[in-house]
Number of protein chains: 2
Amino acid sequence: MSQSETFHIVPEDRHNALVHAAYRHRGYDETESAMAARFSAHASRHGIRTHNAIKALHLDHLFGSGSQGCVPGASMDRLPSRFGASEVWNANRKLGQAVAYEAMERCMSLADEYGVGMVSVDNAFHYLWGGGYVMEAAKRGYIAYTNCTAALAEMVPFMGKYPTLGTNPHSWGFPTVAAVGFPVVIDWATSVVAMGRVQQLAREGKPLPPNAAVDEDGNPTTDATKAKHVLPFGAHKGYGLALVNEIVGAFIGGSLPTLRSRWTDDGDKHAPCFFFQVIHPEALSAGAFAGSRSQAENVKAVIEDILGHGNENCILPGQLEAEFAKRCDAAGGLLFSAKEIAAFSELAAECGEKSWMVDDFEVAG
Amino acid sequence: MSQSETFHIVPEDRHNALVHAAYRHRGYDETESAMAARFSAHASRHGIRTHNAIKALHLDHLFGSGSQGCVPGASMDRLPSRFGASEVWNANRKLGQAVAYEAMERCMSLADEYGVGMVSVDNAFHYLWGGGYVMEAAKRGYIAYTNCTAALAEMVPFMGKYPTLGTNPHSWGFPTVAAVGFPVVIDWATSVVAMGRVQQLAREGKPLPPNAAVDEDGNPTTDATKAKHVLPFGAHKGYGLALVNEIVGAFIGGSLPTLRSRWTDDGDKHAPCFFFQVIHPEALSAGAFAGSRSQAENVKAVIEDILGHGNENCILPGQLEAEFAKRCDAAGGLLFSAKEIAAFSELAAECGEKSWMVDDFEVAG
């Protein structure tokens, strides 16, 4: 998201048409492909380059339709439940983006009725960027939360040696558009750094921060070339947050973290789980805000207090994403680097679509 | 919780009688005093020395009945709600422990019916140790969560200068007694260290860890004698977690964090808010666990996988607390240091009860 990097403006229609075609080519149906394109555009518009269409299709190759993790065109089963505000779905390894969008919609409907609604999903496939789903729900006025178990166990528990935890975030979204102009979205990995970042630092010959990774013997190292597995941020605290995801997944139906995405004919379960929850903000309100403020005005006043008193340089979670979306809006399209456009061309070649050339796209100002 | 420290065994009845009398002396009614005694015993049994009866009554003096933060004998109002699974209460500054116990009970009933239940509380007073409430619910078989806003804003936002955030935890409890013998309870401050720890290190002439505190100008310092305010753990990550508490409080009805517990006749609101949520574990279950495991067996298998493969030295959140409770059970009472017993004697003097002498109590083995 560096301001100095050169970006090229890709009209969203053109982006979505290629992503849609790439998913269709991999066997996904019309709706799945449309959801995948919509979500990739949403991620790119908010500067989430780690989970744009290029990464989504790469993950699909590694863990999804290219492996056994995702089944194009799968139908979900909505399981019977005796609980009004809570549903459980068996995704049967349907595309994560399609499942997540639908689950979040259902949570919003349940929250309208019960104040809170939740959907748990077994046999899921990677939904890419949890922050994206809670951001959309927050823009529509809801408090939203999601967590999920990761495709791979890459993180070593606090005081441990071997990776048995995912690095997946907890994602919270708050309806703060009226208060601050964008939804506050809290969404970060439970590791100090991602494995992708470790590999990047190794290539660049740079060290890791302390307590970020261990070597193959499970000993902490700052040598990126020797780092094999990552460590939780905040020692026991990030470890606790990672455990929440794994334990919730275990209650839903996920099997052992170290088996995840490692498909063999062992009759075990290898897919992640999703958990979604939405709260209607009126279901929280005691209706008596200081200074006769409305609920939204109260949230605004509280955030202004937090960011006042000399804290004016602080940023809110979700702010950088909102600023990137403004740049995209001003440019009239999604912003990609020349390298990213080359990667889209490879996707175009894969599915027989017209190649993207850097010169096709204006440079963003 | 050091094993080498000398502890004296105080029978729980005697502890509870004194705590009850102390609360009665401060004007609290029978039920409030009983809840306060029960909660203090619960904290002490689990080794939570930062929130035992001594601290509870000290906080009551500073912020509660000794200030305007808590109103002994207050009645709560249950506000009308159109949402089935969600309630909002106006605590009218009733004692936090009594409100929290009742709210958690209500959440469990709602979860029995809806799969998930939540209670939000406006005009609350300090409930001491969120982990204690979720631990009790988890022992009864539920997944429980709570957060609240703090009595004071002691923490500086990431990249900020001035304390506008509380350090209060998010507390999660999981019903894992069948899986591991005790409930997994995740409950830690959002700061690197507590202000009490800063003061202790200053007295001992020891340095702070890096990025744990700032001086009066808002600059990071490791000099405990110059540290004025604490910083979030994990930089922007702990900051995000602290923001969740403040924003949820703002949706409920809390006013500005920097006004909290600073009672003046300004017509503003100065009390914290509570948020409680309980999930019925069956409301998460897809009912199809690998190897025909039950849900509890599946949770056990997942946790064993996480703590296997060389991770056998890792501990689970809640494990130290469970081990301390075993020591208390073996000793047949609550365990207090000689200094703590002296502090109880001061409380006894305050309310005209018989003093505690160290020699009254056996030394724990």
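Note that the coordinates shown come from a computational prediction; the quantities given were computed from them, not determined experimentally.

1. Digging into the overall build of chain A
Within chain A, the secondary structure is distributed over eleven helices and eleven strands. Expressed as a percentage of its 365 residues, the buried residues of chain A come to 61%. Intrachain contacts of chain A at a sequence separation of at least 6 include 67% that bridge at least 24 residues. Side chains of chain A carry 30 positive and 41 negative charges; the gap between the two charge centres is 3 Å.

2. Let's talk about the packing of aromatic side chains
On inspection of all chains with the given rule, the structure shows 35 aromatic pairs over all chains. With a centroid separation of 5.4 Å and an interplanar angle of 5°, the aromatic rings of Phe-233 of chain A and Phe-233 of chain B are classed as stacked. Taken together, the residues Phe-233 of chain A in the loop between strand 9 (229-230) and helix 8 (236-252) and Phe-233 of chain B in the loop between strand 9 (229-230) and helix 8 (236-252) connect one chain to another. A residue is classified by how much of its surface remains accessible, and Phe-233 of chain A, at 4% relative accessible area, is buried. On the basis of an interplanar angle of 80° and a centroid distance of 5.4 Å, the ring pair of Tyr-101 of chain B and Tyr-133 of chain B is categorised as edge-to-face. Highlighted residues: Tyr-101 of chain B in helix 4 (residues 96-114) and Tyr-133 of chain B in helix 5 (residues 130-139), separated in sequence by 32 residues. In textbook terms, an aromatic cluster arises when at least three aromatic residues are bridged by ring pairs, as seen for Phe-39, Tyr-101, Tyr-127, Trp-129, Tyr-133, Phe-274 and Phe-276 of chain A. Taking NZ or CZ as reference, Arg-38 of chain A lies 3.6 Å from the ring centre of Tyr-101 of chain A, over its face. Here the guanidinium or amino end of Lys-237 of chain B rests over the ring plane of Phe-233 of chain A, the centre of that ring lying 4.9 Å away.

3. Here we look at the domain arrangement of chain A
All names here are of chain A. Considered domain by domain, chain A is made up of domain 1 (1-67 + 333-365) and domain 2 (79-191 + 232-320). Once you take the C-alpha centre of each, domain 1 and domain 2 turn out to be 25 Å apart. With 20 residues of domain 1 at the interface, the matching set in domain 2 holds 20 residues. Counting each side, the surface lost to burial between domain 1 and domain 2 is near 1800 Å², with a carbon and sulfur contribution of 71%. If you sort the residues of domain 1 by the area they bury against domain 2, Phe-39, His-42 and Phe-63 come out on top, with a joint share of 35%. For the pair domain 1 and domain 2, the number of links is two salt bridges. Lys-94 serves as the salt-bridge partner of Glu-32, at 2.8 Å between the closest nitrogen and oxygen. Put simply, domain 1 and domain 2 have seven residue pairs in polar contact (both at pLDDT 80 or more) between them. Looking at the side of domain 1 that touches domain 2 element by element, the count peaks at seven residues for helix 2 (residues 30-45).

4. Considering the sheet that holds strand 5 (residues 143-148) of chain B
All names here are of chain B. Pairing is mixed in the open sheet, where seven strands are placed in the order 2-3-4-10-5-6-7. Each edge of the open sheet carries a strand with a single partner, namely strand 2 (77-79) and strand 7 (184-187). Neighbour to neighbour, the strand axes of the sheet diverge by 15° on average, direction disregarded. Note: strand 4 (residues 116-122) against strand 10 (residues 274-279), six bridges, orientation antiparallel. The partner of Val-121 across the bridge, within strand 10, is Phe-274.

5. Focus on the interface of chain B and chain A
Contact residues are listed per partner, giving 91 residues for chain B and 91 residues for chain A. Buried area between chain B and chain A, summed over both chains or domains, comes out near 7100 Å², and the portion from carbon and sulfur atoms is 69%. In this structure, Arg-82 of chain B engages Glu-282 of chain A in a salt bridge whose closest nitrogen and oxygen atoms are separated by 2.6 Å. Those elements that provide at least two residues to the side of chain B that touches chain A are strand 3 (86-90), helix 4, strand 4, strand 6 (170-174), strand 7, helix 8, strand 10 and helix 9 (295-306) of chain B. For the side of chain B that touches chain A, the element with the highest residue contribution is helix 8 of chain B, accounting for 13 residues. Across the side of chain B that touches chain A, the residue classes tally to 54 nonpolar, 25 polar and twelve charged.

6. A look at helix 4 (residues 96-114) of chain A
Relative to the 27 Å expected for 19 residues at 1.5 Å per residue, helix 4 of chain A spans 26 Å between its end C-alpha atoms, a close match to the ideal helical length. In the stretch just after helix 4 of chain A, Gly-115 of chain A is the one whose phi turns positive, near 95°.

7. Some words on the pairing of strand 10 of chain B
Residue and element names in this part refer to chain B. Burial analysis of strand 10 places six of its six residues in the buried class, the great majority of the element. Side-chain alternation along strand 10 places Phe-274, Phe-276 and Val-278 on one buried face and Phe-275, Gln-277 and Ile-279 on a second face that is also buried. Sheet analysis places strand 5 next to strand 10, joined by six bridges and oriented antiparallel. Paired with Thr-146 across the strands is Phe-276, a residue of strand 10.

8. Describing the sheet that holds strand 10 (residues 274-279) of chain A
All names here are of chain A. Spatially, the seven strands line up as an open sheet ordered 2-3-4-10-5-6-7, and their pairing is mixed. The sheet is open, and its two edges are formed by strand 2 (77-79) and strand 7 (184-188), each paired on a single side. With direction set aside, neighbouring strand axes in the sheet form an average angle of 15°. Pairing geometry for strand 3 (residues 86-90) and strand 4 (residues 116-122), over five bridges, is parallel. Pairing of Ser-86 across the sheet is with Met-118, part of strand 4.

9. Thoughts on the relation of the copies chain B and chain A
Under the fitted operation, chain B is carried onto chain A by 0.0 Å of movement along the axis and a turn of 180°, and the coordinates agree to an RMSD of 0.0 Å. Read as a symmetry element, the transformation amounts to a two-fold axis. Among all residues of chain B, the minimum C-alpha distance to the rotation axis is found for Gly-234 of chain B, at 2.7 Å. When the interface residues of chain B are mapped onto chain A, 100% of them again lie at the interface, so the same face is used by both copies.

10. Side note on the pattern of salt bridges
Residue and element names in this part refer to chain A. All chains considered together, the criterion is met by 35 salt bridges over all chains. Note that Arg-26 is salt-bridged to Asp-60, the shortest N-O span being 2.9 Å. In this pair, Arg-26 sits in the loop between helix 1 (12-25) and helix 2 while Asp-60 sits in helix 3 (residues 53-63), placing the two residues 34 residues apart along the sequence. What makes Asp-60 buried here is its relative accessible area of 0%. Overlapping salt bridges, with partners in common, bring together Glu-5, Arg-49 and Glu-340 in one network.

11. Side note on the packing of helix 1 of chain A against helix 3 of chain A
Residues and elements named next belong to chain A. Put simply, helix 1 and helix 3 touch, their axes get as near as 11 Å, and they point 0° apart. By the angle between their directions, the pair helix 1 and helix 3 is classed as roughly parallel. On helix 3, the residues touching His-15, Val-19, Ala-22 and Tyr-23 of helix 1 are Ala-53, Ala-56 and Leu-57. Within the contact of helix 1 with helix 3, the residues separate by chemical class into six nonpolar, one polar and no charged.

12. Some thoughts on unusual backbone geometry
Residue and element names in this part refer to chain B. Its identity as a non-glycine residue notwithstanding, Asn-211 has a phi of 60°, on the positive side. Taking the relative accessible area as the measure of exposure, Asn-211 reaches 54% and is therefore exposed. The phi torsion at Ser-261 lies on the positive side, around 65°, for a residue other than glycine. Topologically, Ser-261 is positioned in the loop between helix 8 and strand 10. When its relative accessible area of 16% is taken as the criterion, Ser-261 is described as buried.

Here is what the cut-offs are and how they apply
- Residues numbered from 1 in each chain as written.
- Chains lettered and ligands numbered in written order.
- Predicted model: local features only at pLDDT ≥ 70, side-chain atom pairs only at ≥ 80, totals over all residues.
- Heavy atoms only, no water.
- Helix = DSSP H or I, 4+ residues; strand = E, 2+ residues; numbered from the N terminus.
- Buried < 20%, exposed > 50% of the residue type's maximum accessible area, 1.4 Å probe, protein only.
- Contact = heavy atoms within 4.5 Å.
- Lys, Arg positive; Asp, Glu negative; His and termini not counted.
- Charge placed at Lys NZ, Arg CZ, Asp CG, Glu CD.
- Phe/Tyr/Trp six-rings, centres within 6.5 Å; stacked < 30°, edge-to-face > 60°.
- Lys NZ or Arg CZ within 6 Å of the ring centre and 35° of its normal.
- Domains from an automatic or database assignment.
- Buried area = accessible area lost by both parts, 1.4 Å probe.
- Salt bridge = Lys/Arg side-chain N within 4 Å of Asp/Glu carboxyl O.
- Polar contact = N/O pair within 3.5 Å; in protein donor to acceptor, adjacent residues only side chain to side chain.
- Pairing = 2+ DSSP bridges.
- Axes fitted to C-alpha atoms, helices over the stretch in contact; angles between N-to-C directions.
- Nonpolar A, V, L, I, M, F, W, Y, C, P; charged D, E, K, R; others polar.
- Expected span 1.5 Å × (residues − 1).
- Least-squares fit on C-alpha atoms with pLDDT ≥ 70 in both.
- Parallel < 35°, antiparallel > 145°, perpendicular 65-115°, else oblique.

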